[in-house]
Every structure is written in structure tokens, then in C-alpha cells.
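Each chain is listed here by its residues.
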2 protein chains.
Amino acid sequence: MKLKRLYTFINSDLDIIEKALEETIQAEHPVLKEASMHLLQAGGKRIRPVFVLLSGKFGNYNIDEIKNVAVALELIHTASLVHDDVIDNAELRRGGLTVKAKWDNRIAMYTGDYIFARAVELMTNINKIEAHQVLSKTMVELVIGEIEQIKDKYDWDQNLRTYFRRIKRKTAILIAVSCGLGAIVSEAPIQVQRQLYRFGYNVGMAFQITDDILDFTGTEKELGKPAGSDLQQGNITLPALYALRNENLRKEIVTTFDPNNEEKMRYIISLVKTSGGIEYSKEISERYLKKAHGIIKELPNCKEKTALLNIAKYIGKRKF
Amino acid sequence: MKLKRLYTFINSDLDIIEKALEETIQAEHPVLKEASMHLLQAGGKRIRPVFVLLSGKFGNYNIDEIKNVAVALELIHTASLVHDDVIDNAELRRGGLTVKAKWDNRIAMYTGDYIFARAVELMTNINKIEAHQVLSKTMVELVIGEIEQIKDKYDWDQNLRTYFRRIKRKTAILIAVSCGLGAIVSEAPIQVQRQLYRFGYNVGMAFQITDDILDFTGTEKELGKPAGSDLQQGNITLPALYALRNENLRKEIVTTFDPNNEEKMRYIISLVKTSGGIEYSKEISERYLKKAHGIIKELPNCKEKTALLNIAKYIGKRKF
């Protein structure tokens, strides 16, 4: 089943978002425009706009207002991907050439800056200071998450808490805020705003853990990048952290590790895959999804609630 | 005469700004904190906060409110310097090691992002949507200016219009906005807001042209970096553009140019210095300052007006 099928009733509003995304990036400067469009056209799941719109339905839904939030959050996510590409020397993202690979690091950095600035500009259409406060705090957390990811790279001694804090900042908060801001801007009851935020947080954690699992279990075709890329770049995720808890495996992984040796890396990936780390990570992800389920159950029944529940379920089962 | 002497009556408020700047950068993450503090401690002229405060005095001046704007603008300026250093491989900035040189490009990029995000966060203390709109548009222009600077590098055929548009985006708008936002936030009359904005714009243009002159005429000790750095990095500024208009000089400069050959670069710098380009640039700078003077003359007499006039005068005469 395709993700899009889960919320057909907002598809026409999502088309509006898609158009607004393109329009926002129409910069005068041709290089910038090309770089930005390139990235937007590569497409994503638009999971953040979907959450904004669905959450907005729990209040006074006004597409002309709420679209600004949906577009701004997708832009912030996009900008962070662009800056992430600068960092990781990632040659592939979503199966296409990264902005960095197609142009260079300097253009990639400023493309990210430009997209950030446009997101902030767009948000100024929302005359609710609370929304701005929530968003700017999110941006600060997002950046700290990125810095932590650099700091934690190749650190075989990091613990699970470090990992969870990192993915919270890197991924979960932005998804939580997508739900939360949708509800805030549409002036849903405070209690509902909080529930949707917590729902988004738990779904976001599960989303990132699933991503980290797929990086080991997916094929290059499914992922649009080679399997095991995270570990190769020194990004130690949950399945690997689980494997590292075993003394023997730990010794084997740390001494064999050589990011430039494909054969050795394939061997390490197989070690992680057979360590029980995948099953363990799936269990943790399921726990977050269950929590998300429990939170949203308390909300009044409606098709938006069903859609949110189905998306949460989908995230636990997706293959790429 | 020292710049600080021109506005002693706001010095205690400037101390508040300085303290707030430090507090804002207190991040949990030690690397980030060190990188940011490093940059703030290197110190600058704090010309943007000065303009914010002085302009604010033309309305209902409230330091607790306006300090947010002053700090945010200085942070945005700082963040753009950090990202600028990533670009230019500049090893020296303000006489000290750049964030990039001391850490690396990745940390420098995220330090810039972090400072940007903190600036936006700080502005959310201001409950005036107009202020946010002005600031976010400024950030967009600033980034476009940076991209243009990359695009225009080593382009010997660029015309004066390209140069003026570039320094407008890169420098003048942020100074214009410092004056404009000071007036907006303190709710000065609309007419005064506009005059202060235009004053800032003209001072900003003169400020950047003077910078570009000093890059040729200053000593390494005065500049905190080698003279002629701009040209060496392919950044063609007004004095050089003037020299390039002379067919013979143009041929000589373009064929001799070799950024890795110190002797050749010294020769080119001497060609620019004797081309009349310095005098021409000074004349243009004077013209902007005169315009700034004319605009501010219309404002009611007060010590803030005198201070603004003196700062404008100082900028035309500064040596570094």
C-alpha cells in the first residue's frame, strides 16, 4: 500500500503545498534556483507537510494560513539535508546527485542558508508569536543535533542515551513540531496541541530508527545509496550499538573497521545484521509506535485520526 | 578620535548588549560554545547594535525590548562572517584565526547555522510581525549577496552596477535594517523609520566601499590580514574595477594575475593604487556619506542625531 493512499482527502491541499514549495524557491539567482529546485524535485515523502495539514484539521483549518507552516517545515528539513550533504561528503541522496556533488560545497552551504531564510520569511505570514518561538527553538535543536552527530562520529564508546538524544534532535523534534504547529496555528485546544506534539515525537523516533534499520537491511536500489552508508561514514546507529554491546563482536568490528575497504565493511554489516541488533531496533521502534498509538487514541474519532494512525503503522512497515 | 567616544551616552546599554551576546551563545555543546565565543570575543565595532540603539531613541526607547533586535542583528552579521570564512578559505579574520582555521569547515558551517538560529529565536521576543518580515527578507538578500560574490569572483568583465548591487546585499541592507528596525520596534513615526533606513543604507554603502579601499591601502597590521586579500581571492572591488576600465592596465592586470605569486600580486596592487581607483572610490564613498547627511539633517536635532552624523563622518575617515 502506498503512503499517499492513507490521506487522499488532503491530496488537493498537498498539491497547493507542492506548488508553494516551488514558488518559494524561485530565486532571481539562476545557480541558486537550479540548486534548490533540483533538491525539491528529487522529492521526498513530504511527511512533514502531511502531519501539519492533518493536525491542522483538529482546529479551524485554513489552508491559506496553514500552508505557510507546511512549506516552511519542509524547507527547513530540505535545508538541513543540503547542509548534511556538505558534511557527509554524501555523493548520493534520494538516488540522485546531491547538490554538493553537482555544484560544490560553497554553493551547497549557501543553498541551505537560502532555503532556511526563505522558510523563516514564509513563517512571517503567521501572526502568532508562539508559532515563531516554537519554530526557532526547533531550528536551534536541529543544529545542535547536527553538531552532536559530528562529535559522536566514530565514537565506539557512545551509549544508547547519546543515540536517542541525537535522533530526537535530528529528526523527532521536527516531526513533533509539524504536528504541534499544525494544531497551534489552527487553534486546536491546548490539550490536543500537546497530544499531537507527543504523537509526532514518538512517530519521529520510530521513523528515524526505521531509517537506521533500513540502512543495514535495504538494497542499494531501495535506498538510493549503498547499504551500510551510515556506518561507513562513522555514524553509529542503533543496530550497530546493539552489536557493540557484545564484547567479541565489539572487538571484531572495531579492529576490522576500514571505511575504504568494501569487503571489510560488508563483513561488518553482516556482523551487525546477525547480532540481533536489527530485531532489537525493530522492537524499540515498535515501542515508540505503540506509544504514539496510545496518545492519539484519546483524540476524538475522525478520518484525520485514522490517517495519522495508518501513517504511524506504515512507518513501522516501510521498506524504503 | 575613537568611535566609542561618539556615543558615550549609550555605553551602558551597549554593555547590556555585550552581555546578552555572550549569554545567547552559551550553548550546551562545548565545541559550539567555544567556536561561537571565540568569534564574539574577537570583537567587532558593534556598529549594527549602535545603529539599532541610536535609531531606537527616535521613538519609545525600551532597552529590554530593543536589545533583542541589537543582539539579533549582530549575531546575523557574525554568522555571515563565519560562513564567509568557510567560503574564502580565509585564514585570518580580525587578526585572529578564523573559526574554520581553528576547527574545520564543518564546525564552521554549523556554528554559523547555530548563530543564525539563535538570532531568529531571540527576535521572537519582539511581538511585531513587521519586524520579523523585515529581518527575514534581509536574511534572504544577505544570502543572495553571498552567492553573487561567489559567482562574480574572477569575473574581470563585471560592471560597476554588479559591484554596487553586491555590496548593497552584502553590507548596506543589514546596516539600513539596523537603523530601520531600531525605529520600527520603538514605534518612531513612519517617516522617521524610512529616513533612518535610507540613512543606514547610504552609510552602509560608504562603509563597504571604505573597507574595499582599505584592503588596498592598509597595512597588514592595521587590517589584521594581508593587504590585497580581496583581489587575491578573486573578489574584484571598486578600486580594481576602476583600474580595469583602462585598456592597458586591464591587459596588464589580467595577464599578470596569479593569486599564488606574491610578487605579481604586489605589482597588481601597486597598479590599482596608482590607477586613480583609490581616489575615485573615495569620491563615491563621500557621495554616499553626503546623501546620508542630507537625509538625517531633516530629523529633529538631538544628541542621537549628532552621534549618527559623527559616525557617518568617522566612517569616511577611518583607517581600519
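Bear in mind that the values here come from a model prediction, so they are computed numbers and not experimental data. (Residues numbered from 1 in each chain as written. Chains lettered and ligands numbered in written order. Predicted model: local features only at pLDDT ≥ 70, side-chain atom pairs only at ≥ 80, totals over all residues. Heavy atoms only, no water.)

1. Let's talk about the overall build of chain A
Moving on, step 1. Within chain A, the secondary structure is distributed over 16 helices and 2 strands.
Moving on, step 2. The C-alpha radius of gyration of chain A comes to 20 Å, within 12% of the 20 Å expected for a compact globule of 320 residues.
Moving on, step 3. Here chain A holds 320 residues, and 60% of them are scored as buried.
Moving on, step 4. The contacts of chain A with a sequence gap of at least 6 include a subset with a gap of at least 24, amounting to 75%. (Helix = DSSP H or I, 4+ residues; strand = E, 2+ residues; numbered from the N terminus. Rg over C-alpha atoms; globule rule 2.2 N^0.38 Å. Buried < 20%, exposed > 50% of the residue type's maximum accessible area, 1.4 Å probe, protein only. Contact = heavy atoms within 4.5 Å.)

2. Thoughts on the relation of the copies chain A and chain B
Moving on, step 1. The operation relating chain A to chain B is a screw motion whose rotation component is 180°, with 0.0 Å of axial translation and a residual RMSD of 0.0 Å. Here the transformation between the copies is reduced to the relation of a two-fold axis. (Least-squares fit on C-alpha atoms with pLDDT ≥ 70 in both.)

3. Let's talk about the interface of chain A and chain B
As a measure of interface size, the accessible area lost when the parts come together is often cited.
Moving on, step 1. Counting from both sides, the interface comprises 38 residues of chain A and, opposite them, 38 residues of chain B.
Moving on, step 2. In total, about 3,700 Å² of surface goes out of reach between chain A and chain B, with carbon and sulfur atoms giving 74% of it.
Moving on, step 3. Put simply, the parts of the chain that give the side of chain A that touches chain B at least two residues each are α4 (63-88), α6 (105-123) and α7 (129-152) of chain A.
Moving on, step 4. Top element by residues in the side of chain A that touches chain B is α7(A). It accounts for 14 residues.
Moving on, step 5. Taken together, the residues that form the side of chain A that touches chain B break down as 18 nonpolar, 8 polar and 12 charged. (Buried area = accessible area lost by both parts, 1.4 Å probe. Nonpolar A, V, L, I, M, F, W, Y, C, P; charged D, E, K, R; others polar.)

4. Some thoughts on the packing of aromatic side chains
Residues and elements named next belong to chain A.
Moving on, step 1. Taken as a whole and assessed by the stated rule, the structure comprises 12 aromatic pairs over all chains.
Moving on, step 2. For the ring pair F164 and Y288, a centre distance of 6.4 Å and an interplane angle of 55° mean the geometry is tilted. Highlighted residues: F164 in helix α8 (residues 160-185) and Y288 in helix α15 (residues 277-297), separated in sequence by 124 residues. The pair formed by F164 and Y288 is uniform in burial state, with each residue classed as buried.
Moving on, step 3. A cation sits over an aromatic face here: K57 above Y61, 4.1 Å from the ring centre. (Phe/Tyr/Trp six-rings, centres within 6.5 Å; stacked < 30°, edge-to-face > 60°. Lys NZ or Arg CZ within 6 Å of the ring centre and 35° of its normal.)

5. A short note on the packing of helix α9 (residues 190-217) of chain B against helix α16 (residues 303-317) of chain B
All names here are of chain B.
Moving on, step 1. Contact geometry of α9 with α16 gives a least axis separation of 9 Å together with a crossing angle of 20°. Taken together, the axis directions place α9 and α16 in an arrangement best described as roughly parallel. Crossing handedness for the pair α9 and α16: left-handed. Residues L196, F199, V203, A206, F207 and T210 of α9 touch α16, and the partners they reach there are L308, A312 and I315.
Moving on, step 2. Per-class residue counts for the contact of α9 with α16 are 8 nonpolar, 1 polar and no charged. (Axes fitted to C-alpha atoms, helices over the stretch in contact; angles between N-to-C directions. Parallel < 35°, antiparallel > 145°, perpendicular 65-115°, else oblique. Left-handed = near helix turned anticlockwise from the far one by under 90°.)

6. Section: the pattern of salt bridges
Side-chain pairing between opposite charges can occur once the charged atoms of the two side chains come close.
Moving on, step 1. As enumerated under the stated definition, the model contains 28 salt bridges over all chains in all.
Moving on, step 2. With a closest N to O distance of 2.4 Å, A:D157 and A:R250 form a salt bridge. Of this pair, A:D157 sits in the loop between α7 and α8 while A:R250 sits in helix α13 (residues 247-256); the two residues are 93 residues apart in sequence, bridging distant segments of the chain.
Moving on, step 3. Residue A:D157 is classed as exposed on the basis of its relative accessible area, which comes to 62%.
Moving on, step 4. Residue B:E141 is joined to B:R169 by a salt bridge in which the shortest nitrogen-to-oxygen separation is 2.7 Å. (Salt bridge = Lys/Arg side-chain N within 4 Å of Asp/Glu carboxyl O.)

7. Focus on the environment of A:N260
Moving on, step 1. As for its position among the elements, A:N260 is in the loop between α13 and α14 (262-273).
Moving on, step 2. C-alpha separation for the pair A:N260 and A:Q26, spaced 234 residues apart in sequence, amounts to 40 Å.

8. Points about the side chain of B:N202
Moving on, step 1. Positionally, B:N202 belongs in helix α9.
Moving on, step 2. Those residues in contact with B:N202 that lie beyond four places of it in its chain are B:Y288, B:K291, B:A292 and B:I295.

9. Section: unusual backbone geometry
Residues and elements named next belong to chain A.
Moving on, step 1. Within the chain, Y154 stands out as a residue other than glycine whose phi angle is a positive 60°.
Moving on, step 2. Tracing the backbone shows Y154 in the loop between α7 and α8.
Moving on, step 3. Taking relative accessible area as the criterion, Y154 reaches 41% and is therefore assigned partly exposed.

10. Observations concerning the environment of B:N125
Residue and element names in this part refer to chain B.
Moving on, step 1. Relative to the elements of secondary structure, N125 occurs in the loop between α6 (105-123) and α7 (129-152).
Moving on, step 2. Overall, the relative accessible area of 46% leaves N125 in the partly exposed class.
Moving on, step 3. When the C-alpha atoms of N125 and I66 are compared, they prove to be 9.6 Å apart, with 59 residues separating the residues in sequence.

11. Let's talk about the environment of A:N127
Residue and element names in this part refer to chain A.
Moving on, step 1. With respect to the helices and strands, the residue N127 is situated in the loop between α6 and α7.
Moving on, step 2. We classify N127 as exposed; its relative accessible area is 57%.
Moving on, step 3. Here the alpha-carbon distance between N127 and L21, two residues 106 residues apart in the chain, equals 20 Å.

12. Considerations on the packing of helix α3 (residues 47-56) of chain B against α16(B)
Residues and elements named next belong to chain B.
Moving on, step 1. Relative orientation of the contacting elements α3 and α16 amounts to 150°, with a least axis distance of 10 Å. Taken together, the axes of α3 and α16 are roughly antiparallel relative to one another. Between α3 and α16 lies a crossing whose hand is left-handed. Residues I47, V50, F51 and L54 of α3 pack against E304, A307, L308 and I311 of α16.

13. With respect to helix α9 (residues 190-217) of chain A
Moving on, step 1. Given a rise of 1.5 Å per residue, 28 residues ought to cover 40 Å, and the 40 Å separating the end C-alpha atoms of α9(A) matches this to within 8%.
Moving on, step 2. Counting buried positions along α9(A) yields 20 of 28 residues, so the element is predominantly enclosed. (Expected span 1.5 Å × (residues − 1).)

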